[in-house]
Structures are given as C-alpha cells and as structure tokens.
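Structural features, examined
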Amino acid sequence: MTRSAQASPRTTGGRWLGWAVFVVGALYAAVSAYWAAGGTAGLDTLGGALAEMARARDPQLIAIVWLTVVLKLVGAVLGLALVQRWGRRLPRWLLLTASWGATVVLVLYGGVLVVAQLLIAVGVVPRAASFDPVAFYWHLFVWDPWFLLWGVLLGVATVRFIRHRRQDPRRHWANQG
C-alpha cells in the first residue's frame, strides 16, 4: 500500500506541527545542554545571579540545568508523539495529559513573563535597581517568547490530534490509545 493510501490528508497535513514543536523544544534543550556542559557564550543573556552561578559552575545549578535539558527534550518529543505512528504506543490519556500539561506550563510561563516585561519596557512597572538591559531584552524578545511559541505550537498540535481522532477515528493512527 502506498504512503498516500495509508494516511489520510487530515493526519499527514498536521505533521509539520509536531515537527515544529520538536524543533523549537530541541533547540531550547541544545542551548541549555551547551551551558550545562560548560559553554559560556550567551550567558550574559540570562542575567544576574543565574549567569554568575553558571560561570562559577555551581553544582546545584548545573544539575538543575541538566534536568531542564531532559524536560525540554521530553516536551519536544511530545509534539512528535502527537503526529508519528510510534506515538500510538503511548496511552492516549497519558499523551493528552502530558501535552496539555506542558502546553499550560509553557504558555503561562512564557506569557506571564512576556507581559510583565512589556509592562516594564513601556514604563507601567518601574525597573529594578539591578536592571540588566542585555538580559532583559533577550528575555523579552527571545527566551520568554520562545517558551510561549513552543506552548502555542504544542497546544495547536494537541487540539489537532483530538479533532482528527473525533472526525475519523478509523483513519487516525492514534485510535488505538
């Protein structure tokens, strides 16, 4: 049977979402792994005590960063699990609980931070005495929107997974969960 006969256009058309979730998460994990392994480029974008602890190779911080690498990779793989055949090996309830949980955490974390930083940037909220413009603008325009984007992509992929299962459970690969 050909590839086009095996999968409906509905299920294959959304695979880019799963891959987008994977790429965004894997890139984020790669940056963290670089810093955990001792890389120093870009540490100034973290700011304050966090950057100082990373430069000092604080063992607790390094352990936490390695843990975040693992969590980011799990979050990245969730996107693929929603759109790849091997994802059907996971119980549906587990996949949906994990993807919705990660979506909420990523969107809330990134969204709250972006909104708070925007309020500071436009002067609604005063800047702290220890304001670090390099770290602040990196967080405002790169790190925290990255979390938000990742969460939105994962949420859309999860909604698409649910909708396609409801529309045609016989043709969607995940109907065995």
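Rules behind the numbers
Residues numbered from 1 in each chain as written. Predicted model: local features only at pLDDT ≥ 70, side-chain atom pairs only at ≥ 80, totals over all residues. Heavy atoms only, no water. Salt bridge = Lys/Arg side-chain N within 4 Å of Asp/Glu carboxyl O. Helix = DSSP H or I, 4+ residues; strand = E, 2+ residues; numbered from the N terminus. Buried < 20%, exposed > 50% of the residue type's maximum accessible area, 1.4 Å probe, protein only. Axes fitted to C-alpha atoms, helices over the stretch in contact; angles between N-to-C directions. Parallel < 35°, antiparallel > 145°, perpendicular 65-115°, else oblique. Left-handed = near helix turned anticlockwise from the far one by under 90°. Contact = heavy atoms within 4.5 Å. Nonpolar A, V, L, I, M, F, W, Y, C, P; charged D, E, K, R; others polar.

As a further point, take the pattern of salt bridges. For the structure shown, the criterion picks out one salt bridge. The shortest N-O distance in the salt bridge between R55 and D44 comes to 2.7 Å. One end of the pair, R55, is in helix α4 (residues 48-55); the other, D44, is in the loop between α3 (15-36) and α4, with eleven residues separating them in the sequence. Owing to a relative accessible area of 41%, R55 belongs among the partly exposed residues under this scheme. The exposure class assigned to D44 is partly exposed, which follows from its relative accessible area of 47%.

All right, on to the packing of helix α5 (residues 59-83) against helix α6 (residues 92-121) then. Interaxial distance between α5 and α6 falls to 10 Å at its minimum, and their mutual angle equals 135 degrees. Judged by the angle between their axes, α5 and α6 are oblique. Between α5 and α6 the crossing geometry is left-handed. Seen from α5, the contacting residues are L78, A81 and L82; seen from α6, they are L95, A98, S99 and A102. The residue inventory of the contact of α5 with α6, partitioned by class, reads six nonpolar, one polar and no charged.

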